[in-house]
Amino acid sequence: MRFGMPWPGRDVGREAEQAGVEAFCAGEFADHDAYLTVADIVAHTERALAGPAIAYAFARTPYAHATALRQLHTRAPGRLFLGLGSAAFRINRDWLGVPAERPVARIAETVGAVRAWLHAENGERVRYAGEFYDLDADVRAPVLGRLDIPVLLAAFNARMAVTAGRAADGVIGHGLFTASWWNDVVRPAVARGAGDRGPAEPRPLEHGWIITAVDDNAPERAIADARRMIAFYLTVRTYDPFVAHHGWQEPVARLRHAFRAGDTDAMARAVTDEMVTGIAVCGTTADAKDALARRAGSLPRDIGYFAPPSFMVSRGRRAAYARAGLALVGAAPDAD
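Turning to the packing of helix H2 (residues 34–43) against helix H3 (residues 62–73), a few remarks are in order. One way to put it is that H2 packs onto H3 with a least axis distance of 11 Å and a crossing angle of 10°. It follows from the interaxial angle that H2 and H3 lie roughly parallel. Each of Tyr35, Val38, Ala39 and Val42 in H2 lies in contact with H3, whose residues at this interface are His65, Ala68, Leu69 and Leu72. For the contact of H2 with H3, a count of residues per class yields 7 nonpolar, 1 polar and no charged.

Another aspect to go through is the packing of aromatic side chains. Tallied over the full model, the rule gives 15 aromatic pairs. Put simply, the rings of Phe156, Phe177, Trp181, Trp182, Tyr239, Phe242 and Trp248 pair up and form one aromatic cluster.

So, on to unusual backbone geometry. Cis geometry is found at the peptide bond from Ala53 to Ile54, where omega equals 20°. As for its placement among the helices and strands, Ile54 is situated in the loop between strand S3 (49–52) and strand S4 (55–56). Of note, Ala87 is a non-glycine position whose phi angle comes to about 70°, a positive value. Within the secondary structure layout, Ala87 lies in the loop between strand S5 (82–85) and helix H4 (89–96). Even without a glycine there, the phi angle at Arg102 is positive, about 55°. When you line up the elements, Arg102 lands in the loop between H4 and helix H5 (103–119). According to the relative accessible area criterion, Arg102 is partly exposed, its value standing at 43%.

Within the secondary structure layout, Val21 lies in the loop between helix H1 (10–19) and strand S2 (23–26). For Val21 and Lys289, which are 268 residues apart along the polypeptide, the C-alpha to C-alpha distance reads 16 Å. In this structure, Val21 is in contact with Phe3, Gly4, Met5, Ala16, Ala48, Leu326 and Val329, ignoring residues within four places of it in sequence.

Judged by nonpolar contacts, the single largest core of 100 residues is most densely connected at Leu84, Ile230, Leu234 and Phe242. It is H5 that provides the largest number of residues to this core, a total of 8 residues. For Ile230, the residues in contact, after removing those within four places along its chain, are Leu176, Ile211, Val271, Met275, Val276, Ile279 and Ala280. Ranked by size, the runner-up nonpolar core spans 12 residues in total, among them Ile54, Ile91, Ile172 and Tyr305.

So, on to the pattern of salt bridges. For the structure on display, the rule yields 26 salt bridges. Salt-bridge contacts for Arg256 lead to Asp240; the nearest nitrogen and oxygen are separated by 2.7 Å. Placement of Arg256 in helix H10 (residues 249–260) and of Asp240 in helix H9 (residues 240–246) is noted, with a sequence separation of 16 residues between them. Relative accessible area serves as the criterion here: at 8%, Arg256 is assigned to the buried category. Given the relative accessible area of 28%, Asp240 is considered partly exposed. A cluster of three or more residues bridged by salt bridges with shared partners is formed by Arg125, Arg127, Asp136, Asp138 and Arg140.

One can find Glu220 in helix H8 (residues 219–233). Residue classification places Glu220 among the exposed positions, given a relative accessible area of 58%. Note: C-alpha distance between Glu220 and Thr284 (64 residues apart in sequence) is 8.9 Å.

Here the focus is the packing of helix H6 (residues 158–167) against helix H7 (residues 179–195). Between H6 and H7, the least distance of the axes is 6 Å, while the angle of their chain directions is 40°. Here H6 is positioned oblique relative to H7, judged by the angle of their axes. Handedness of the crossing formed by H6 with H7: right-handed. Where H6 abuts H7, its residues Ala158, Ala161, Val162, Gly165 and Arg166 lie against Val185, Val186, Ala189, Val190, Arg192, Gly193 and Ala194.

Calculation criteria
In every chain, residue numbers begin from 1 and rise along the written sequence. Totals for whole chains, interfaces and linings use every residue, but because this is a predicted model, local features are given only for residues with pLDDT of at least 70 and side-chain atom pairs only at 80 or more, for both listing and counting. As a convention, hydrogens and water are excluded, and side-chain values are obtained from all of the structure's heavy atoms. Fitted lines through C-alpha atoms give the axes, limited to the stretch in contact for helices. The angle between two N-to-C directions lies from 0 to 180 degrees. Only DSSP runs of H or I with at least four residues qualify as helices, and only runs of E with at least two residues qualify as strands; both kinds are numbered from the N terminus onward. Reported orientations rely on four angle classes, namely roughly parallel under 35 degrees, roughly antiparallel over 145, roughly perpendicular from 65 to 115, and oblique for the rest. Residues are treated as being in contact if the distance between any of their heavy atoms lies within 4.5 Å. Asp, Glu, Lys and Arg are counted as charged, while Ala, Val, Leu, Ile, Met, Phe, Trp, Tyr, Cys and Pro are counted as nonpolar; the rest, among them Gly, fall into the polar class. Each pair of aromatic rings taken from Phe, Tyr and Trp, with Trp reduced to its six-membered ring, is defined by centres within 6.5 Å and is described as stacked if the planes are under 30 degrees apart, edge-to-face if over 60, and tilted in the remaining cases. Throughout this description, buried means an accessible area under 20% of the type-specific maximum (1.4 Å probe, protein chains only), exposed means over 50%, and partly exposed covers the range between. Joining through side-chain atoms within 4.5 Å is the link that ties buried Ala, Val, Leu, Ile, Met, Phe, Trp, Tyr and Cys residues into a set, and such a set is a nonpolar core. A pairing counts as a salt bridge when a side-chain nitrogen of Lys or Arg comes within 4 Å of a carboxyl oxygen of Asp or Glu. Left-handed describes a crossing whose near helix is turned anticlockwise from the far helix through less than a right angle; right-handed describes the clockwise counterpart.

Dropping the structure here:
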């Protein structure tokens, strides 16, 4: 597995690349744009892979996703990937003002339409015909040419994982993923989807986020931040199949009650030691290395993004966690 991290900014980013970090990813929210962040990554790194993990798939047209990648490719040829996520129903409906129904079918077509733009050669019409997108673009300018940029899908539950295997080049795992969720749910679903493409196709790529909080001077605070991040993620009911799979309904009910009450400390306390051990890499550097040694099966096979907690964590502390995490470069075993 190759060590990656969410983009920590240009100062820590340069240090991280020199330390051996091989990939940086960009998230997206109301105050930061995935493609602008990727532009910052490629401007301040030399070798590392770069891409959204994820960009909101339906916030932009397939044309907009592809043109952003084409422009970035001129500055970082061979270093890009595209991670797309469907986003929550309410984000699509209430924030983006786009159709929110049938996200699995819609994102599969988004991948196909983005690839139509990325794979187009000069002089060819850009064509894609589907239920959600219908393209027939005659671009009378020498600005195209095939780009083979991997497209991955953020997939938490089985239906989206099947789609990632069938329609995309691979999957991006969530920071909550455990060994059991990877091995019993996600990987078999991706394999089912990839089986539809035939045996000649390469193995689907695996990227994934890993909640990582390392602080040798204050390990208890690092563990508390990891607990709080886990709790915040588990307030989302989309992840109920994951909760049921692990038998964690009771602590999750407690943390959701605390969330509704605005009690973030109680949220963190509701996260059990079993949950922390299965999900996060946290504590001292030695603790984190031990966790990685135990968790080969819960690490993505290709790139793991060692992500500092962000919920109720200051920018300065996130930067400190990112720097401390560099001590883990090379410590992660290969996933089976």
